[in-house]
Amino acid sequence: MATNGIAIGGGGKGGFVANLGKIYGGYAGGFIGFTLLLAVLEQMGLPNKIIGYSFMFLTIAVYAYIGYLSRTMELSEYYVAGRVVPAFYNGMATGADWMSAASFISMAGGLYLGGYGGLGYVLGWTGGYVLVAVLLAPYLRKFGQFTVPDFLGVRYEGNTARFIGVVVLFSASFTYIVAQTYGIGIITSRFLGIPFEIAIFAGLLGILVCSMLGGMRAVTWTQVAQYIILIIAYLTPVVWLSTKLYGIPIPELTYGFALTQIAEFEAQLGIVKPHAAAFVDAAGQFSWTEFNNFWALVLCLMVGTASLPHILMRYFTTPNVREARLSVAWSIFFIFLLYFTAPAYAAFAKLEIYSNVIGQPIANLPAWVQNWSQVGGLLTITDANADGILQLKEFVINQDIIVLSMPEIAGLPYVISGLVAAGGLAAALSTADGLLLAIANALSHDVYYKMINPKASTARRLIVARVLLVGVALLAAAVAGTRPSGIIQMVAWAFSLAAAGLFAPLVLGIWWKRTSSTGAIVGMLAGFGVCLYYLIATRYFDMPLWFGIRNISSALFGLPVAFIVTWLVSLVTRAPSSQMQEFVDSIRTPRGQVAWAGAAHE
Amino acid sequence: MIDASQISPEKRIEHWKKTTRLMWTLMFWWFVFSFGVHFFAVQLNGISFFGFPLGFYMAAQGSLIAFVVLCFWNARSQNRLDEEYGVAED
């Protein structure tokens, strides 16, 4: 099947896959040229509004065009991009799939506010790829079906495990996609100046044009394009600022100097919680609760990364096992480029605020502060003691501003702000598309085809897949339109839910042959159940925290329960049949066919 | 495509043993850079590294670089192992 896919070249696109370097190189060059052209036009008096519109419409038009070119009526193209995606490009696509609006816009702000505490997210959202690379991706690729629940259904012999897998997948991914749709609405409404409710549906169209006609194939090639835009947009302002401040265009190196200066300002201003201090409470004292919550969060985010189906399914698209392994390495490299830059954003912004904003007369604040304080609620200045000087306490900043205002802090033209908005939009759209496909594919392939109508024809399956895709997208937009409160909190929950429900059955299914179907099913239910109970009881019923662990890390309890229950129940139930043992052997070995009767069907 | 049964069981068992050993080695380093180093962040912060307090540096950059290296190391070693035992894909 895989060799066949290459020969056809994904439906007459053999030339396309062979020339990826040229095509995306030309595309990146074209995008930079377009940005420079707008920069020149700006100097000649092009209004800001037109610049914002140009970026939005041009980038969405490109995604739509790629989506249109990738249209397909073949199952393996629709579900796994024909399995022709080279490791390097799959790495970029995974990077875009992974980095959401939260990574792009909010993370640097979280680091600004949290200092060392925020680094838990930087660690947790990168280290999980080591788990993916070593424990899961190559084996799932060898298994070679369409979805993550597929693996559970085959390894644990039946639709019970498959269905529980779909339930966990849905509960983890749906809250996540609602948050992405919300983010798209915010960005679109801010830069196009249209009401939020309309912006959400405009954004919805943006999501659907990338995915509806071509499924995974279309999403893959648009995600590569989106990665290129988001990384250019993220690095440009901060590289510029680093050059301006220290003469070296490597912000990751120079922000050490900024940290030293920040420490001096902290001493001067009498700040009790230093930026770089580890595990301190609000009073700046070492706290065991902070210490425990830090590593618990890191663990839950990492294991969650390795359990989220929209990430795992990206490794189904490489030509072989070898490429799948290499592709995880490229993925973390491309993700690393953004994550190790984010703390530089936070440090430069903090330095700017301590040196040029705090302690200045309110009448002479820098222009970027005055501009942003006029946009509702993102930056507020109140002269509480009416002395005309801005004190630290009189200055409140929203975490989303750090990235969005960086072009102005660096003194860059408006065109760079438009670029950053296009990058944020690319980040949100690409993640939303990956999640949408993960959910809709689980419903169309696992629930409809495998459980309801196994005799469905290819044409019918592809129609059902698209109808569900639109349905899930509409539902996500409708929920996001109600502006649900605490949505960011819910996204962090997605990681814990996926970790507690999916990690143990996936890892044990590959690495421990003795894992029995009953053991895995009971283990999944127990782990997921404990995690969900802790989330709901602490959030809505004021249950006291266990050992002071915040519910964002609730997989800390669900995860060991899942492993222990699976282990114990497996030991007391019948060992898997010899065919099943053979199946496990065959997915552990890259060479040869998968020893499973259904393997040849797709 | 070559049938899996053409690989001798002994080779297969030996291959999986070595694969498992590589897995535990990588998991050890993963643990060190995910948790081990950061348990001492308070002490490490006393050391300055290019202006960075070292504990902060490790969480912001050092461990991330280690993760990237670990993933490339895994791909390289495991691919070699597969070739050595003749279980790599054609």
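Here the structure is a predicted model, which means the values were calculated and not measured. (Residues numbered from 1 in each chain as written. Chains lettered and ligands numbered in written order. Predicted model: local features only at pLDDT ≥ 70, side-chain atom pairs only at ≥ 80, totals over all residues.)

Focus: the overall build of chain B
Then, number 1: From N to C terminus, chain B includes three helices and two strands.
Then, number 2: Along the chain direction, N to C, the helices and strands of chain B fall in the order α-α-β-β-α.
Then, number 3: Its C-alpha atoms give chain B a radius of gyration of 19 Å, clearly above 12 Å, the size a compact globule of 90 residues would have.
Then, number 4: Principal-axis analysis of the C-alpha atoms gives chain B an extent of 60 × 20 × 15 Å.
Then, number 5: The buried share among the 90 residues of chain B stands at 36%.
Then, number 6: Pairs at least 24 residues apart make up 59% of the contacts formed inside chain B by residues separated by at least 6 positions. (Helix = DSSP H or I, 4+ residues; strand = E, 2+ residues; numbered from the N terminus. Rg over C-alpha atoms; globule rule 2.2 N^0.38 Å. Buried ≥ 20, exposed ≤ 12 C-beta atoms within 10 Å, placed from the backbone. Contact = placed C-beta atoms within 7 Å.)

Overview of the environment of Glu252(A)
Then, number 1: Examined against the element boundaries, Glu252(A) turns out to sit in helix H13 (residues 251-269).
Then, number 2: Glu252(A) gets classed as partly exposed once you count the C-beta atoms within 10 Å, which come to 17.
Then, number 3: Residues Glu252(A) and Pro343(A) lie 91 residues apart in sequence; the distance between their C-alpha atoms is 8.1 Å.
Then, number 4: The contact partners of Glu252(A), leaving out residues within four places of it in the chain, are Phe340(A), Thr341(A), Ala344(A) and Gln61(B).

What to know about the domain arrangement of chain A
Residues and elements named next belong to chain A.
Then, number 1: As far as domains go, chain A holds domain 1 (22-351 + 407-597) and domain 2 (357-403).
Then, number 2: Using only C-alpha atoms to locate each centre, domain 1 and domain 2 end up separated by 34 Å.
Then, number 3: Listed per partner, the contact involves 15 residues of domain 1 and nine residues of domain 2.
Then, number 4: Elements represented by at least two residues in the side of domain 1 that touches domain 2 include exactly helix H7 (101-114), helix H17 (342-356) and helix H19 (401-409).
Then, number 5: Among the elements that line the side of domain 1 that touches domain 2, the one with the most residues is H7, at eight residues. (Domains from an automatic or database assignment.)

Observations regarding the packing of H13(A) against H17(A)
Residue and element names in this part refer to chain A.
Then, number 1: Here H13 crosses H17 at 40°, and the two axes come no closer than 9 Å. On the basis of the axis angle, H13 is oblique to H17. For the pair H13 and H17, the crossing hand works out as left-handed. Taken together, the residues of H17 that come into contact with H13 (itself represented by Pro251, Glu252, Tyr255, Ala258, Leu259, Gln261, Ile262, Phe265 and Leu269) are Pro343, Ala344, Ala347, Phe348, Lys350, Leu351, Tyr354 and Ser355. (Axes fitted to C-alpha atoms, helices over the stretch in contact; angles between N-to-C directions. Parallel < 35°, antiparallel > 145°, perpendicular 65-115°, else oblique. Left-handed = near helix turned anticlockwise from the far one by under 90°.)

Focus: the nonpolar core
Then, number 1: Membership of the largest hydrophobic core comes to 235 residues, with the highest contact counts inside it found for Leu230(A), Tyr345(A), Leu436(A) and Cys71(B).
Then, number 2: Considering every element that reaches this core, the biggest residue donor is helix H20 (residues 414-452) of chain A, with 20 residues.
Then, number 3: Two domains each provide a minimum of three residues to this core, namely domain 1 (22-351 + 407-597) and domain 2 (357-403) of chain A.
Then, number 4: For Leu436(A), the residues in contact, after removing those within four places along its chain, are Ile177(A), Ile207(A), Ser211(A), Leu469(A), Val472(A) and Ala473(A). (Core = buried A, V, L, I, M, F, W, Y, C linked by C-beta atoms within 7 Å.)

Observations concerning unusual backbone geometry
Then, number 1: You will see that Phe279(A), though not glycine, has its phi angle at about 55°, which is positive.
Then, number 2: With respect to the helices and strands, Phe279(A) occurs in the loop between H13 and helix H14 (288-305).
Then, number 3: In the Ramachandran plot, Phe50(B) falls in the positive-phi region, its phi being about 50° despite a non-glycine side chain.
Then, number 4: Note that Phe50(B) resides in the loop between strand E1 (48-49) and strand E2 (52-53).
Then, number 5: With 13 C-beta atoms counted inside 10 Å, the residue Phe50(B) sits in the partly exposed group.

A few points about the interface of chain A and chain B
Then, number 1: Tallying the contact residues gives 46 residues for chain A and 40 residues for chain B.
Then, number 2: Mapped onto the side of chain A that touches chain B, the elements with two or more residues apiece are helix H8 (119-143), H13, H14, helix H16 (321-339) and helix H25 (578-588) of chain A.
Then, number 3: Ranked by residue count, the leading element in the side of chain A that touches chain B is H16(A), at ten residues.
Then, number 4: Along the lines of polarity and charge, the residues of the side of chain A that touches chain B split into 31 nonpolar, nine polar and six charged. (Nonpolar A, V, L, I, M, F, W, Y, C, P; charged D, E, K, R; others polar.)

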